[in-house]
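Chain residues, written in single-letter form:
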Amino acid sequence: MGHYATVWDQKEASEIIKDWNGVDQVLLRNPHGASAKISLHGGQVVSWRNEQGEELLFTSNKALFKPPKSMRGGIQICYPQFGDCGLLDQHGFARNKIWVIDENPPPLYSNESTGKSFVDLLLKPSEDDLKLWPHSFEFRLRVSLAVDGDLTLVSRIRNINGKPFSFSFAYHTYLSVSDISEVRIEGLETLDYLDNLSKRELLTEQGDAITFESEMDRTYLRSPTVVAVLDHERKRTYVIGKEGLPDTVVWNPWEKKSKTMADFGDDEYKTMLCVDGAAVERPITLKPGEEWTGRLMLTAVKSSFCFDQLELQSKGF
């Protein structure tokens, strides 16, 4: 099922548990007490805790934990469509499907298992999926938890169709924050972005950092491989690294929209922020037999660093 490439007991590093709907989840642990839970419903990371047991991902108190609807929170896999810019339902169907554990996945990079507990999941389209989106694929997802508590997701999508197909993609990542008005994002300054609240109007970021005073739904184009989310009140910084994902989506629904969402509390916008590694503006096209890889790495550190230092620390990513 999963593996752990250290001297401690592999069985202690990963185990299968069930949620209250009887859906399997994989629980990953590291030797220092950090953990992650991945649901086979949607291949969704539903929990990521640091060594102190603090939850780092946001989940709505009103989230519906009942398939086929996806859960509001965690890290959702948006494929083969992000948002509503296509013929499929919002964010595609991968997040609503039951995935299976991949016992014999093709090998990944040599360092992808070193010192990590991990699980490999697999999604293939059903007959109903093929009626909605007539393209055959294999979607392999590895979720791994490192000794230092870093969380990594690697998606590999292979075209096993007889013709090319295109898709958009995102890791829809709900971060837990203390107070959205005390949060800022660094690394997206001066970039062009699509304002999804203004019919995808193309604008340019003017601020030294992104801060929040109202609803925000933006797709930053050709964004850097490292972005930092600074939570001043908790003195915590999330470092988000990505590969194969040219865009970064930033979303907070704010007060008015929050009240329109049945699976989201009226005031919960204050304690969450979505920052997504994504491929949205230019869909990815795969020829028959081709494979695409998209990688996301999340780190949570104390906010005693400046962004330049965080960037240097993430060079190894």
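These numbers were taken from a predicted model, which means no experiment stands behind them.

## Considering the overall build of the chain
When you go through the chain residue by residue, the secondary structure sums to 4 helices and 20 strands. Looking at the chain residue by residue over its 317 residues, the buried ones come to 55%. A fraction of 66% describes how many contacts in the chain between residues 6 or more apart in sequence connect residues 24 or more apart. Of the accessible surface of the chain, which amounts to about 14300 Å², a share of 49% is contributed by carbon and sulfur atoms.

## Details of the layout of surface pockets
Empty space within the largest pocket amounts to approximately 530 Å³. Looking at the largest pocket, it is lined by 26 residues, and the ones nearest its centre are G83, Q90, H91, D217 and K257. Of the residues belonging to the lining of the largest pocket, the class tally is 9 nonpolar, 8 polar and 9 charged. Considered as a void within the structure, the second largest pocket measures approximately 350 Å³ in volume. If you trace the second largest pocket, you find 18 residues lining it, with N50, Q52, A300, V301 and K302 closest to the centre.

## Here we look at the packing of aromatic side chains
Within this structure, the stated rule accounts for 19 aromatic pairs. Centroid distance Y79 to F139: 5.3 Å. Interplanar angle 90 degrees. Geometry classified as edge-to-face. Residue Y79 is found in the loop between strand 6 (75-78) and strand 7 (100-101), and its partner F139 is found in strand 9 (residues 137-146); the two are separated by 60 residues along the sequence. Of the two residues, Y79 and F139, both sit in the buried class. Through pairs of rings, three or more aromatic residues link up here, namely Y79, F93, W99, W133, F137, F139, F165, F167, F169, Y171 and W292.

## Things to note about the UniProt feature "binding site: substrate" (unreviewed entry) in the chain
Sequence positions flagged by UniProt for "binding site: substrate" (unreviewed entry) are, in local numbering, R72, Q90 and R95. These annotated residues cover 24 residues of sequence, and their C-alpha atoms lie no more than 13.0 Å from one another, placing them together at a single site. Of the annotated residues named above, the ones that line the largest pocket are R72, Q90 and R95. Positionally, R72 belongs in the loop between strand 5 (44-49) and strand 6. Examined against the element boundaries, R95 turns out to sit in the loop between strand 6 and strand 7. Not counting residues up to four positions away in its chain, the partners in contact with R95 are H41, G42, S70, Q76, I77 and Q90.

## Looking at empty space enclosed by the protein
Vacant regions in the atomic arrangement are exposed by a probe of water-molecule size rolled over the atoms. Summed over the entire model, instances satisfying the criterion amount to 2 cavities of 30 Å³ or more. In this structure, the second largest cavity encloses a volume near 30 Å³. Those elements that place two or more of their residues in the lining of the second largest cavity are strand 17 (236-243) and strand 19 (272-286). Here the residues of the lining of the second largest cavity sort into 4 nonpolar, 3 polar and 2 charged.

## Description of the pattern of salt bridges
Under the counting rule described, the total for this entry stands at 15 salt bridges. The closest approach of N and O atoms between D120 and R142, which form a salt bridge, is 2.8 Å. In this pair, D120 sits in strand 8 (residues 116-123) while R142 sits in strand 9, placing the two residues 22 residues apart along the sequence. Overall, the relative accessible area of 8% leaves R142 in the buried class. One network of salt bridges, in which partners are shared, links D102, K124, E138 and R140.

## What about the pairing of strand 20 (residues 291-302)?
Here strand 10 (residues 151-159) runs beside strand 20; their pairing, made up of 8 bridges, is antiparallel. In the strand pairing of strand 20, T152 is matched with M297. Of the pairings in the sheet, the one linking strand 17 to strand 20 comprises 8 bridges and is antiparallel in character. Note on strand 20: the bridge partner recorded for R236 is K302.

Rules behind the numbers
Residues numbered from 1 in each chain as written. Predicted model: local features only at pLDDT ≥ 70, side-chain atom pairs only at ≥ 80, totals over all residues. Heavy atoms only, no water. Helix = DSSP H or I, 4+ residues; strand = E, 2+ residues; numbered from the N terminus. Buried < 20%, exposed > 50% of the residue type's maximum accessible area, 1.4 Å probe, protein only. Contact = heavy atoms within 4.5 Å. Areas by Shrake-Rupley, 256 points an atom, 1.4 Å probe, with all protein chains shown as cover. 1 Å grid on protein atoms, 1.4 Å probe; cavity = no way out; pocket = protein on both sides within 12 Å on 5 of 7 lines; lining within 4 Å. Points joined across faces, edges and corners; volume = space filled by probe spheres on them. Nonpolar A, V, L, I, M, F, W, Y, C, P; charged D, E, K, R; others polar. Phe/Tyr/Trp six-rings, centres within 6.5 Å; stacked < 30°, edge-to-face > 60°. UniProt positions renumbered as here; feature names shortened; annotations may be inferred. Salt bridge = Lys/Arg side-chain N within 4 Å of Asp/Glu carboxyl O. Pairing = 2+ DSSP bridges.

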